[in-house]
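These are the residues of each chain, in order.
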Amino acid sequence: MRTSIPTEFPIELPGGLDARFCEVMDAAPVMIWVSSTDKLCVWFNRPWLNFTGRVMKQELGNGWSEGVHPEDFNRCLEIYISHFDARNEFRMQYRLRRHDGVYRWIDDTGIPRYARDGSYLGYIGSCTDIHEHRETQSELRRRLLEIARLTRRADAAAIAALIAHELNQPLAAILSNAEAAELCLKMLPPPIDAIKDILADIRRDDLRAAQIIRHMQELLQRDEVQLQKVDLNDVVHVVHDILKPQATEMGVEMSTRPCQDMLPVRADPVCLQQVVLNLTFNAMDAMVNNLPGQRRMVLETRRAGQSTATLSVSDSGTGIPADRLASVFEPLAPGRPGSGLGLSTSREIVEAFGGRIWAKNAATGGAVLHFSLPLFNE
Amino acid sequence: LNIGKKEIVAVVDDDAIMLKSLLRLLDVHGFAPRGFASAEAFLDDESVTKAACLVLDVNLDGLSGIELRRQLTASGNPLPVIFITARDDEATEQEATASGCVAYLHKPFSGTLLIGAIDKATR
């Protein structure tokens, strides 16, 4: 049996589309849209129309944008327009209203399309429903941060309970002994030898309590911050994984340039992650006024000489005024609103691990925040 | 009632100094204290059948205070128990209270509290 070309397509399709193309695209497992050089949409495939529950006429032109979540609309429009004019491929995630009224997260990739003669025709985009995937991701991220926080709290609580238990023993013995001594003193005649014995025990328990406190102090210093061998490159990868979805959402292009060599430093991995997270948050905040497509952040690690490793976070933001470069790591620095506290904490942490932190402006624009740590070799 | 005769109070605590101070305190208060470093040592001693009450540390190495209390109850021993502990743990306290006790004292506790509890237990 021969399959005939369906006849329900208009003979004249806009934007250089032909019926065969549309037939194939209707069978695709993804949602597809096509726009022409005036940025207006000229065609949607059947999966798209099935998803939105609307007819082609409603979606054409800018009609489709009625289904985009109001909170995502401006961001998407910015990305679409800026890439469209530059004829760059783009990818964005936004919430689109499904036929049942529920907003679902969509991953949308748009690429410019050209005619056989090379003339520019507009864009074609494909979308997939990533709602479950995204929910899982954000849940994972949330849990990850929660676990990091809980671990700290649990450590502190466990240590406090241990101190209480250890100290309560000698304190209880001292109290019992003191009360026994008081009763002995009321006896006639007071049993001097017994009282001497009691006082000796009290003295010993007091020393025991002091020793416990000293021991706990050592334990706390060692345990609260788990100093261990950490590869700076691993820190960069972890932060990249944690931050990727948020960066994408904010239209920030995040890339990493890890050093080829391992960069072992002696530090607490969670604290170090916190430092790098603070630097990246600062970078992302610095770029909110940049046009989409011009928000770039690079995480780079390097070996500096024989004994030092550095990590830098550079952004394509407005940079830091020269007179504030030295003070951005001060608490409540007047640099960027809201960034002072995170950056000053970062400095405290880096310095606690024997390192240094500083800020520079890049020759190409934007700020670069660096820190260095001594390389650790057993 | 054995008027004139000192009442035997058994004390189980694995902290030697704590045990010694308790025995001393009970002694000056006119009791005849018997000390044990573990629940097992307590169970091995025949003389404990004469004890009027048991001061029992919750957190013992080996058989725990609560387990000892349950064993006593299971074997029909009506010995009243006063739990003492250096740990602040609500779940353990509930478990201990449920196993049956005259009092549950947190170290460090005053002698008055302990003696009051013993008086209540032996009354």
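For the structure, see preceding data.
Bear in mind that the values here come from a model prediction, so they are computed numbers and not experimental data.

Asks: How do you make sense of the pattern of salt bridges when you look at a structure like this?
Replies: In a structure, side chains of opposite charge can pair up when their charged atoms sit close to one another. Evaluated as defined, the whole model comprises 25 salt bridges over all chains. For Asp-201 of chain A, the salt bridge goes to Arg-204 of chain A, with nearest N and O atoms at 3.4 Å. Highlighted residues: Asp-201 of chain A and Arg-204 of chain A, both in helix α6 (residues 192–223), separated by 3 residues, approximately one helical turn. Judged by its relative accessible area of 5%, Asp-201 of chain A falls in the buried class. Residue Arg-204 of chain A is classed as partly exposed on the basis of its relative accessible area of 43%. Across the pair Asp-57 of chain B and Lys-107 of chain B runs a salt bridge, and its minimum N-O distance is 3.6 Å. You can see Asp-57 of chain B sitting in strand β3 (residues 53–57) and its partner Lys-107 of chain B sitting in the loop between β5 (103–106) and α5 (111–122), a full 50 residues away along the chain.

Asks: What should I look at first to understand the sheet that holds strand β3 (residues 90–97) of chain A in this one?
Replies: Strands in a sheet are paired, the pairing made by backbone hydrogen bonds, and the direction either parallel or antiparallel. Residues and elements named next belong to chain A. Ordered by their spatial adjacency, 5 strands build an open sheet running β2-β1-β5-β4-β3, and the pairing between neighbours is antiparallel. This sheet does not close on itself; its edge strands, each paired only once, are β2 (41–44) and β3. When strand polarity is set aside, the average angle formed by the axes of neighbouring strands in this sheet is 30°. Here strand β1 (residues 31–36) runs beside strand β5 (residues 120–129); their pairing, made up of 6 bridges, is antiparallel. Paired with Met-31 across the two strands is Cys-127, which belongs to β5. Seen against the sheet, helix α1 (residues 19–26) touches β1, β2 and β5 and runs at an angle of roughly 55° to β2. Along the sheet face, helix α4 (residues 70–86) touches β1, β3, β4 (103–114) and β5 and points at about 150° away from the line of β3.

Asks: Explain the interface of chain B and chain A to me, please; I cannot follow it from the model alone.
Replies: Interface size is commonly expressed as the accessible surface area that is lost when the partners come together. The interface is formed by 18 residues belonging to chain B together with 21 residues belonging to chain A. For the pair chain B and chain A, the summed buried surface comes to about 1,700 Å²; carbon and sulfur atoms form 57% of the total. On the chain B side of the interface with chain A, the three residues burying the most area are Ile-17, Arg-24 and Val-28 of chain B, jointly 32% of the side's total. Scanning the region where chain B abuts chain A turns up 4 salt bridges. Residue Asp-197 of chain A pairs with Arg-24 of chain B through a salt bridge whose shortest N-O separation is 3.1 Å. There are 9 residue pairs in polar contact (both at pLDDT 80 or more) connecting chain B and chain A. Those elements that place two or more of their residues in the side of chain B that touches chain A are α1 (16–28) and α5 of chain B.

Asks: What exactly am I supposed to notice about the packing of aromatic side chains here?
Replies: When we look at a pair of aromatic rings, we describe it by the centre distance and by the angle of the planes. All names here are of chain A. Per the counting criterion, the structure on display carries 13 aromatic pairs over all chains. On the basis of an interplanar angle of 85° and a centroid distance of 5.9 Å, the ring pair of Tyr-80 and Phe-90 is categorised as edge-to-face. In this pair, Tyr-80 is assigned in helix α4 and Phe-90 in strand β3, connecting sequence segments 10 residues apart. According to the relative accessible area criterion, Tyr-80 is buried, its value standing at 7%. On the basis of relative accessible area, Phe-90 is assigned to the buried category, the value being 2%. Judged by centre distance (5.8 Å) and plane angle (50°), the ring pair of Tyr-114 and Tyr-120 falls under tilted. An aromatic cluster is present here, built from Trp-33, Tyr-80, Phe-84, Phe-90, Tyr-114, Tyr-120 and Tyr-123 joined pairwise through their rings. Here Arg-356 stacks its cationic end above the ring of Trp-358, 4.3 Å away from the centre of that ring.

Asks: In this structure, what is going on with the packing of helix α7 (residues 232–249) of chain A against helix α8 (residues 269–286) of chain A? I would like to understand it.
Replies: A pair of packed helices is captured by two measures, namely the crossing angle of their axes and the spacing between those axes. All names here are of chain A. At a minimum axis separation of 10 Å, α7 and α8 run at an interaxial angle of 45°. The angle between the axes of α7 and α8 places the two elements in the oblique class. The interaxial crossing formed by α7 with α8 has right-handed handedness. Here Leu-232, Val-235, Val-238, Val-239, Ile-242, Leu-243, Gln-246 and Ala-247 of α7 come into contact with α8, specifically with Leu-272, Gln-273, Val-276, Leu-277, Thr-280, Phe-281 and Met-284.

Definitions and cut-offs
Residues numbered from 1 in each chain as written. Chains lettered and ligands numbered in written order. Predicted model: local features only at pLDDT ≥ 70, side-chain atom pairs only at ≥ 80, totals over all residues. Heavy atoms only, no water. Salt bridge = Lys/Arg side-chain N within 4 Å of Asp/Glu carboxyl O. Helix = DSSP H or I, 4+ residues; strand = E, 2+ residues; numbered from the N terminus. Buried < 20%, exposed > 50% of the residue type's maximum accessible area, 1.4 Å probe, protein only. Pairing = 2+ DSSP bridges. Axes fitted to C-alpha atoms, helices over the stretch in contact; angles between N-to-C directions. Contact = heavy atoms within 4.5 Å. Buried area = accessible area lost by both parts, 1.4 Å probe. Polar contact = N/O pair within 3.5 Å; in protein donor to acceptor, adjacent residues only side chain to side chain. Phe/Tyr/Trp six-rings, centres within 6.5 Å; stacked < 30°, edge-to-face > 60°. Lys NZ or Arg CZ within 6 Å of the ring centre and 35° of its normal. Parallel < 35°, antiparallel > 145°, perpendicular 65-115°, else oblique. Left-handed = near helix turned anticlockwise from the far one by under 90°.

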